[in-house]
Amino acid sequence: MEFAAPWGLLAGLSIPTILAIHMFRRRYQEKPIAGVFLWAEIAPTASVGRRRDRPPITRSLLLELLAAAILTLLIAEPLFPTEDVVEHLVFVLDNSASMSAKDADDTSARDRAIARVEEVVEDVPRCVVTVITTGRQPEVLAGPAASPRETEQALRNYRPLLERHDFSAALLLATQVAGKGKVIFLTDGIDADRPVLPQVAVEALGRPLANVGITSASYIVPPMEPEGARIFLHISNLSDQELHRTLTLRAEGAVIHREKIELARRSRKVLTVPVTGSFEIIEATIDEDAMGVDNRVTLIRPKAALVRITNLLPPGRSRRTVERALRATRVTEAADPATADLVFALPGAHSATHESQWVVEFGGDAKGVDLIGPYMIERANPLAEGIQLDGVVWGGVSQEKTTARPIISAGEFPLFTVAKEAQGLRLRLNIDMQRSNLHKSPAGPLLISNIVERRREQLPQLLRWNLHQGERFSLLPPADTGGRLIGPSGDASRLGAGRPILLTAPAQTGVYTIQFVETDFDQFAVNFLDATESDLSRCSEGAEDAPDTSLYGQVQASYAKPMIEAIAALVVLSVLLYNWYHLVGRRHDV
């Protein structure tokens, strides 16, 4: 016999504790009586005090020791070795959303797959079961080597919802678990592109169905025209018959748009719906059919994070150039120099007030040189994206030495530099705008726009709000502290610390809320958008046996745990009740 939790044997210390309690019995209180002849037939009791004494071997002591011993074994979880060899049934379940599509009998390939697993398990009297679901990262739904009862309970949690994905990882994992035995892959269609593995038997349990689904969706808000928001939808008829559907858009509990749609066979309808109002969340639905997950999408209005700006440049060409460029971006707002994200100033006129503040300095030297190129531009840096300086006169260039990183230079002269400081970032345009024509070139406003956009990308925010399953995205949190991700059903998971946080859109569709310090930070929506998976006409029934084997694997059941927990608990309860009855009965007899 071995123990699954050997540390539980420490509970055996209760046995000497019980003995110690009985060794130091309580002294009885003396009371005067008229005579002792009435107690002549009663055995005398030792008159002892709080001192060590040999414990009397009583029924109560034995019962208490027995209960303590049984509880100790129960906590340590004894395992009894056996030599039984049982069949090992290994199943792989297709986790694609099409497995949930309902036919005319209101059954799905998922239902038939569960029934098939239960049927095979019932036909093998002595077996253990492993069930693996497919996915980008396959998961073990039951097992490894679970009992039939555990498998039946685990199958209730089988909810196929994924977009089209590769089955290879799950099948390879199953073959490793099965050893040389057979693996049964339950899906809804025989896929010619599926990798052929010598020990995998495929059983297709699907049925071809007509289906219409939303296969693409987006919520567009033009930065220059926020009142021109639009919803773009692709609605696809993935069947060989003409179908009609009703599209409904809802926001804040009210219907904001509804229209009838006629769909020719194997066609796609592209719809553009104007949004009259700044609705945060819009839900688009079409009539329910065989597959429900592609009949609805939830879209969240994109947010343009505003960059807080302070312009400390004195009146003149530099200030006018900056103001004109900022008005064109439409993603800035005025702020105090102490809290601003971006500050424009003359050299040395302002120092960063916090670690995320950028200071952009405009200033050259009245006695500096004027340059007409050639210019060296670090094209890999996003601050220089799209910058062309052909024909630009860069005037009043100071010849002071600097250790800052040059983004634009001409020979030995750094013209646009970036330097990381103890507080924030310092950018320097080594230029006298009065002696330059940069403001007349597209490069001038574009350079300012690049600075604003790069700063905006580093603000605490989500960069995308409408995602599809499994899509990777990044989050810039307000601090390096971890947060929480709350799903559509209210379940919460922790977010790791750091900047940025890289996430993968979950499989469950709906709206997710991001929280930091118990405060809602932002929301994003996950939608099912997969035209290939929505095409249920490819579903079929059939079977392909394993080419190399038709036998299940076998495993040795090294340890078996009978109903020892229930039996031990019943024995302990019986012992304690009997001990209590014995003590109460003896007290009444006296």
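Residues numbered from 1 in each chain as written. Predicted model: local features only at pLDDT ≥ 70, side-chain atom pairs only at ≥ 80, totals over all residues. Heavy atoms only, no water.

Considerations on the overall build of the protein
Each helix and strand in the protein was counted, giving nine helices and 33 strands. For the protein, contacts bridging at least 24 residues in sequence account for 68% of all contacts bridging at least 6. (Helix = DSSP H or I, 4+ residues; strand = E, 2+ residues; numbered from the N terminus. Contact = heavy atoms within 4.5 Å.)

Focus on the sheet that holds strand 28 (residues 492-495)
Either a parallel or an antiparallel arrangement is found when strands of a sheet pair, and the pairing is made through backbone hydrogen bonds. Across the sheet, which stays open at both edges, the five strands sit in the order 25-31-30-27-28 with mixed pairing between neighbours. Across the chains shown, the open sheet's two edge strands, defined by having one partner strand only, are strand 25 (466-468) and strand 28. Sheet twist, expressed as the mean angle between neighbouring strand axes with direction ignored, is 30 degrees. Where strand 27 (residues 483-486) meets strand 30 (residues 510-516), three bridges bridge the pair, whose relative direction is antiparallel. Bridging across to strand 30, Ile486 finds its partner in Thr513. (Pairing = 2+ DSSP bridges. Axes fitted to C-alpha atoms, helices over the stretch in contact; angles between N-to-C directions.)

With respect to the sheet that holds strand 9 (residues 243-251)
What the four strands build is an open sheet, ordered 10-9-12-13; its pairing is antiparallel. Every interior strand has two partners, whereas the edge strands, strand 10 (254-263) and strand 13 (296-300), have only one. Looking at each pair of strands side by side, their axes are set apart by 15 degrees on average, direction ignored. Summarising the sheet, strand 9 and strand 12 (residues 281-285) pair through three bridges and their orientation is antiparallel. In the strand pairing of strand 12, Arg250 is matched with Glu283.

Considerations on the layout of surface pockets
Put simply, the second largest pocket is a space of about 590 Å³. Looking at the second largest pocket, it is lined by 22 residues, and the ones nearest its centre are Asn95, Gln137, Glu139, Leu162 and Ala507. Top element by residues in the lining of the second largest pocket is strand 4 (residues 139-146). It accounts for three residues. Each residue belonging to the lining of the second largest pocket can be placed in one class, and the counts come to eight nonpolar, 10 polar and four charged. (1 Å grid on protein atoms, 1.4 Å probe; cavity = no way out; pocket = protein on both sides within 12 Å on 5 of 7 lines; lining within 4 Å. Points joined across faces, edges and corners; volume = space filled by probe spheres on them. Nonpolar A, V, L, I, M, F, W, Y, C, P; charged D, E, K, R; others polar.)

Regarding the nonpolar core
Counting residues in each nonpolar core, the largest one holds 42 residues, and the members touching the most others are Phe344, Leu389 and Trp394. The element best represented in this core is helix 7 (residues 443-457), accounting for five residues. For Leu389, the contacting residues outside a window of four places in its chain are Tyr375, Ile377, Trp394, Ile408, Leu438 and Ala443. (Core = buried A, V, L, I, M, F, W, Y, C linked by side-chain atoms within 4.5 Å. Buried < 20%, exposed > 50% of the residue type's maximum accessible area, 1.4 Å probe, protein only.)

Examining the pattern of salt bridges
Taken as a whole, this structure holds 30 salt bridges when the rule is applied. Between Asp111 and Arg110 there is a salt bridge; the shortest N-O distance is 2.9 Å. Put simply, Arg426 and Glu361 hold a salt bridge, and the shortest N to O gap is 2.2 Å. On the criterion of sequence distance, the pair formed by Arg426 in strand 23 (residues 425-429) and Glu361 in strand 17 (residues 358-362) is long-range, its members being 65 residues apart. Per residue, the accessibility class of Arg426 equals that of Glu361, and both read buried. (Salt bridge = Lys/Arg side-chain N within 4 Å of Asp/Glu carboxyl O.)

Considerations on the packing of aromatic side chains
Across all of its chains, the model carries six aromatic pairs by this definition. Summarising the aromatic geometry, the rings of Phe344 and Phe362 are spaced 6.4 Å apart at their centres and angled 45 degrees between planes, so their arrangement reads as tilted. Note that Phe344 is positioned in strand 16 (residues 342-345) and Phe362 in strand 17, a separation of 18 residues in sequence. Here Phe344 matches Phe362 in class, with each residue buried. Members of the aromatic cluster, connected to one another through ring pairs, are Phe473, Tyr512 and Phe524. (Phe/Tyr/Trp six-rings, centres within 6.5 Å; stacked < 30°, edge-to-face > 60°.)

Notes on the packing of helix 1 (residues 14-23) against helix 2 (residues 59-76)
Between two packed helices, what matters for the description is the angle formed by their axes and the separation of those axes. Orientation of helix 1 relative to helix 2, taken along the N-to-C sense of each, is 160 degrees, at an axis distance of 9 Å. With respect to their mutual orientation, helix 1 and helix 2 come out roughly antiparallel. At the point where helix 1 passes helix 2, the crossing takes the right-handed sense. The segment helix 1 lies against helix 2, with Ser14, Ile15, Ile18, Leu19 and His22 engaging Leu61, Glu64, Leu65, Ala68, Ala69 and Thr72. Split by residue class, the contact of helix 1 with helix 2 holds seven nonpolar, three polar and one charged. (Parallel < 35°, antiparallel > 145°, perpendicular 65-115°, else oblique. Left-handed = near helix turned anticlockwise from the far one by under 90°.)

So, the side chain of Ser398
On the secondary structure map, Ser398 appears in the loop between strand 20 (394-397) and strand 21 (405-410). Within the local environment of Ser398, its side chain forms a polar contact with the backbone nitrogen of Glu400, the two atoms lying 3.3 Å apart. If near-sequence neighbours (up to four positions away) are discounted, Ser398 is found in contact with Asp365, Phe413 and Asn430. (Polar contact = N/O pair within 3.5 Å; in protein donor to acceptor, adjacent residues only side chain to side chain.)

Considering helix 2
A rise of 1.5 Å per residue sets the reference length of helix 2, with its 18 residues, at 26 Å; its end C-alpha atoms lie 26 Å apart and thus fit the reference within 8%. All of the buried residues along helix 2 are Ser60, Leu61, Leu63, Leu65, Ala67, Ala68, Ile70, Thr72 and Ala76. Following helix 2 by one or two positions, Glu77 adopts a phi angle in the positive range, close to 55 degrees. (Expected span 1.5 Å × (residues − 1).)

Points about the pairing of strand 3 (residues 127-133)
Each regular strand carries side chains that alternate between the two faces of the sheet. A large share of strand 3 lies buried, amounting to seven of its seven residues. Every second residue of strand 3 is oriented toward a common face, with Cys127, Val129, Val131 and Thr133 on one face and Val128, Thr130 and Ile132 on the other, all of them buried. Relative to strand 4, strand 3 is paired through four bridges, and the arrangement is antiparallel. Looking at the pairing, Val129 lines up with Ala146 of strand 4. The antiparallel hairpin formed by strand 3 and strand 4 contains five residues in its connecting segment.

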